[in-house]
Amino acid sequence: MRRAVCPGSFDPVTLGHLDIIGRASLLYDELVVAVGMNPSKNRLFSFQERTELLREATAVYDNVVVDSFDGLIVEFCRQREVQVIVKGLRAISDFDYELQMAQMNHGLAGVETMFMTTNPLYSFLSSSLVKEVATYGGDVSGLVPDAVHRRLLERVRATS
Ligand code: PNS
């Protein structure tokens, strides 16, 4: 079975993430979307919320499963017997760090990284920007799934 993992923080999942997930799901028998717990980072959504929102957003894809990991992504790959990590590249600015991670992951465990170019419609899109714009009252309805949009508005109202 050809299996790949698409890891990320997904705080929250955006239409850019879903574009990559949907396209990668066509290339593999199973695509595991892995939510990194990484408690050290400052998150708007809890790990449970991020996972729940991703499950809802990817429910239309039969061969996509949502899972979580804590620690090294290559350890998760080893446990799940996955040889390939899929990452989206929005712009050249993503490339430096992604290249370092890809080379490190290959050096650590022989895990390959496949880069997919983001749909230009979403090349400016990031979870961080979505959170910032929503926090200041900007309209992010066309950038995230509806369920995420509702949850963002609730969170922004609760914290303002
Ligand atoms: O959505 P993000 O925040 O860009 O995702 C980054 C993530 C979680 C994919 C990356 O930080 C990661 O793989 N973290 C797991 C820890 C790890 O393996 N670090 C070494 C990478 S070379």
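(A) Spatial organisation of the overall build of the protein. Each helix and strand counted, the protein has six helices and five strands in total. Sequence-ordered secondary structure for the protein, helices as α and strands as β, is β-α-β-α-β-α-β-α-β-α-α. Relative to the 2.2 N^0.38 estimate, which gives 15 Å for 160 residues, the radius of gyration of the protein is 15 Å and therefore close to what a compact globule would have. The buried share of the protein, reckoned over its 160 residues, is 44%. A fraction of 76% describes how many contacts in the protein between residues 6 or more apart in sequence connect residues 24 or more apart.

(B) Quick look at the site of the ligand. Residues in contact with the ligand, as listed here, are P7, G8, S9, K41, F69, G71, L72, I73, K87, M101, M104 and N105. In the model, an oxygen atom of the ligand is placed 2.5 Å from a nitrogen or oxygen of the S9 side chain. Summarising the interface, the protein chains cover 70% of the accessible area of the ligand, which totals 550 Å² for the free molecule. Using a 2 Å cut-off from the grid points, one finds that the ligand occupies the largest pocket. For the shell around the ligand, the elements supplying multiple residues, two or more each, are β1 (3-8) and α4 (92-109). No other element matches α4, which puts three residues into the shell around the ligand.

(C) Here's a closer look at the sheet that holds strand β5 (residues 112-117). Read from one edge to the other, the open sheet built from five strands follows the order β3-β2-β1-β4-β5, with strand pairing classed as parallel. Single-partner strands in this sheet number two, and they are β3 (64-69) and β5. Neighbour-to-neighbour, the strand axes of the sheet open up by a mean angle of 35°, direction not taken into account. In this sheet, strand β4 (residues 84-89) lies alongside β1 in parallel orientation, the contact comprising two bridges. Each bridged residue has a counterpart across the sheet, and for V5 the counterpart in β4 is I85. Of the strands in this sheet, β4 and β5 touch α4, which is tilted by about 175° from β4.

(D) Structural detail: the pairing of strand β2 (residues 30-36). For β2, the tally of buried residues reaches six of seven residues, placing the bulk of the element in the interior. Pairing between β1 and β2: six bridges, direction parallel. When the sheet's bridge partners are listed, V5 is paired in β2 with V32. Looking at chain direction, β2 and β3 are connected through six bridges and run parallel. Looking across to β3, one finds that A34 is bridged to D67.

Analysis parameters
Residues numbered from 1 in each chain as written. Predicted model: local features only at pLDDT ≥ 70, side-chain atom pairs only at ≥ 80, totals over all residues. Heavy atoms only, no water. Helix = DSSP H or I, 4+ residues; strand = E, 2+ residues; numbered from the N terminus. Rg over C-alpha atoms; globule rule 2.2 N^0.38 Å. Buried < 20%, exposed > 50% of the residue type's maximum accessible area, 1.4 Å probe, protein only. Contact = heavy atoms within 4.5 Å. Near = heavy atom within 4 Å. Polar contact = N/O pair within 3.5 Å; in protein donor to acceptor, adjacent residues only side chain to side chain. Areas by Shrake-Rupley, 256 points an atom, 1.4 Å probe, with all protein chains shown as cover. 1 Å grid on protein atoms, 1.4 Å probe; cavity = no way out; pocket = protein on both sides within 12 Å on 5 of 7 lines; lining within 4 Å. Sits in = over half its atoms within 2 Å of the grid points. Pairing = 2+ DSSP bridges. Axes fitted to C-alpha atoms, helices over the stretch in contact; angles between N-to-C directions.

The quantities given are spatial measurements derived from coordinates; they are silent on function.
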